[in-house]
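Breakdown of the fold
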Amino acid sequence: MESSSNRSPELLEVQDLCFTYPHSGGNKGVQDISFKISRGEIVSFVGPSGCGKTTLLRLLAGFLFPREGEISYKGLPIKDFLKARKIGYTNQIPCLLPHRTVEENIMLPLEIHPSFQKRNIKEKCTNILTAFNILQYKNYYPHQLSGGTSQKVSLATAVVYEPELLFLDEPFSSIDEFTRERLDQDLVEVSRMSEYTTFLVTHSLEEAAFVSDRIFILSGSPATIVGEMKIKFSCSRNLALKQRVEFFETVNSLKKIIERNEQKK
Amino acid sequence: MNRKSRILASILFITILVIGWQVTFSLFNEQRLVSGQTSLSAFMASPSVVLDAFILEGNLIFSETLVTLARAATGFIIGVILAFVVAFIFFFSPVARILLYPLTVAINAFPIVGFAPVIILIFGQNSFLSIVFVSVLISYFPTLVCLDASASRLKKEYIDLSKVLNLSRFQMYRKIIFPSSLPVLVVTAKLSIPASIIGAMLGEWLGSRQGIGHLIIISMYQLKPGILYASLISVALVSLVFVIIIERVYPLLFPWLKDDLSND
């Protein structure tokens, strides 16, 4: 893609984004959101539940259209970009088609994506199955999988055609702590390796701190950005990081920002 | 109870019922005959009479059942295809759906018993087409309603998925809606197969000189309850066999509906 040669520091720019749901009396939605994201960044949105995190994510992914403001991608309106099928999206509930096996589910985006040749699909699929360590499940149907495995498959489906933007809406929230930690690590590895620009909505501060380069703290509703935090750790992101003091400090300072904002209200 | 003993138990129960029927019938009939009244066997059949009818008129009953079956099967197949086509049109054109859906429901609201003579008048007495048409009418409706419901109540995640992949309406139908509505067929077939047989028989009652429906009417007028009962049993068996076949075949056709044990 030409994106690798054109490494603009600001890949995605959001300006004064406003959105309200019809019939909500202006209460729900997002208000005056502006930020800039560079390529390969992993960005998290945290905030109290119901504050509009998902709405913001759906706006960025082009599922909803803003009332005011602009989202531009590489200097152009994002709408044009979305037509090129270059985003990945994962919901809270793994979205797998029940009538397709794991492998067929992962193949679906490739079947539709015009730039993939038929003979490469199988190979590509095997690669991603191996990367996510789910090769042994390739002939299983979704109802035969555990929650963690389905979510892995769902994530694999979202990244299989190498999207430039990856949107994850509380992807691991319904999964037990232990599995989630491993999935978070998988996510960081996959995103780093392929330089996906990733947006993550989560209600777990630990998850946000572990995964992200940058965290936006939202307060609702309508959602506004009340804080921003750059995350940098002295060691790589693995499970050992979670035992370190700097990790605890980061999570605590996040917590403080959120609490301070709650009190202001 | 395991499977074998459950089957045995129901066979035993049915045998007891049949024997009871035969015994009461014989006792009553004897009393009537002694007191000089008409034999009961002009109005009712005992199991032995039904068995006789099967033995003596078995060929006739079998061939007439086949005639009805061919009509019902044609009606069912056309009904299902029609339902798929209409559901497909509804999915692509909300306008068509708004215009046609109430009409479809309205047609179904006509009592089929009253509507069948209308069809027979149009397509002619004793014609294959008119009987098939009655059968189509009765079998396509449940299929259409189920297909339409499964397409219009698509899960939010699938809508998101088609937005992410930027699916066209046709791709959405082909990749998501059509495959996931195939199992609907299993459910509706269980409703529609007996219904299409009813439709065909109704058509035969009213406007045919062939088929099990016709045979039933004739044996009623000729006071031959043995043949009447035997015909009924033979149609019921055919209907049952089809439902059982569907139960057996659908896990092979749609393996994703099979209830396997989870892997972990």
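Just above sits the structure.
This section reports on the structure supplied with the text. (Residues numbered from 1 in each chain as written. Chains lettered and ligands numbered in written order. Predicted model: local features only at pLDDT ≥ 70, side-chain atom pairs only at ≥ 80, totals over all residues. Heavy atoms only, no water.)

Further remarks concern the overall build of chain A. Counting its regular elements, chain A contains eight helices and ten strands. The C-alpha radius of gyration of chain A comes to 18 Å, within 12% of the 18 Å expected for a compact globule of 265 residues. Principal axes of the C-alpha set define a box for chain A whose edges measure 55 × 45 × 40 Å. Going through the 265 residues of chain A one by one, you find that 56% of them count as buried. For chain A, the exposed surface amounts to about 12100 Å²; the carbon and sulfur share of it is 48%. Of the charged side chains in chain A, 33 are positive and 32 negative; the average position of the first set lies 2 Å away from that of the second. (Helix = DSSP H or I, 4+ residues; strand = E, 2+ residues; numbered from the N terminus. Rg over C-alpha atoms; globule rule 2.2 N^0.38 Å. Buried < 20%, exposed > 50% of the residue type's maximum accessible area, 1.4 Å probe, protein only. Areas by Shrake-Rupley, 256 points an atom, 1.4 Å probe, with all protein chains shown as cover. Lys, Arg positive; Asp, Glu negative; His and termini not counted. Charge placed at Lys NZ, Arg CZ, Asp CG, Glu CD.)

Before going further, it helps to spend a moment on the sheet that holds strand 5 (residues 76–77) of chain A. All names here are of chain A. One open sheet accounts for four strands, arranged 2-1-4-5; its pairing is antiparallel. This sheet does not close on itself; its edge strands, each paired only once, are strand 2 (30–37) and strand 5. In the sheet, strand 1 (residues 12–19) pairs with strand 2 via five bridges, with the strands oriented antiparallel. Each bridged residue has a counterpart across the sheet, and for Glu-13 the counterpart in strand 2 is Lys-36. Across the face of the sheet, helix 1 (residues 53–60) comes into contact with strand 1, strand 2 and strand 4 (68–73) while running at roughly 125° to strand 1. (Pairing = 2+ DSSP bridges. Contact = heavy atoms within 4.5 Å. Axes fitted to C-alpha atoms, helices over the stretch in contact; angles between N-to-C directions.)

This part covers the environment of Val238(B). Residue and element names in this part refer to chain B. By the secondary structure assignment, Val-238 is in helix 9 (residues 225–253). C-alpha separation for the pair Val-238 and Thr-65, spaced 173 residues apart in sequence, amounts to 8.4 Å. Look past the residues within four positions of Val-238 in its chain and what remains in contact with it is Thr-65, Leu-69 and Ile-197.

The interface is formed by 22 residues belonging to chain B together with 28 residues belonging to chain A. Both faces considered, chain B and chain A share a buried interface measuring about 2400 Å² in area, 58% of it formed by carbon and sulfur atoms. Counting every contact that joins chain B to chain A gives two salt bridges. Salt-bridge contacts for Lys175(B) lead to Glu111(A); the nearest nitrogen and oxygen are separated by 2.7 Å. Run the count over chain B and chain A and you get six residue pairs in polar contact (both at pLDDT 80 or more). Elements that contribute at least two residues to the side of chain B that touches chain A include exactly helix 6 (156–164) and helix 7 (169–207) of chain B. It is helix 6 of chain B that contributes the most residues to the side of chain B that touches chain A, seven residues altogether. Grouping the constituent residues of the side of chain B that touches chain A by class yields nine nonpolar, five polar and eight charged. (Buried area = accessible area lost by both parts, 1.4 Å probe. Salt bridge = Lys/Arg side-chain N within 4 Å of Asp/Glu carboxyl O. Polar contact = N/O pair within 3.5 Å; in protein donor to acceptor, adjacent residues only side chain to side chain. Nonpolar A, V, L, I, M, F, W, Y, C, P; charged D, E, K, R; others polar.)

Take the side chain of Arg100(A) next. Inspection of the secondary structure puts Arg100(A) in the loop between strand 6 (87–90) and helix 3 (102–112). Judged by its relative accessible area of 10%, Arg100(A) is buried. For Arg100(A), the side chain forms a polar contact with the main-chain oxygen of Glu104(A), separated by 2.7 Å. Among residues more than four places away in sequence, those in contact with Arg100(A) are Asn105(A), Leu108(A), Glu111(A), Tyr141(A), Pro142(A) and Lys175(B).

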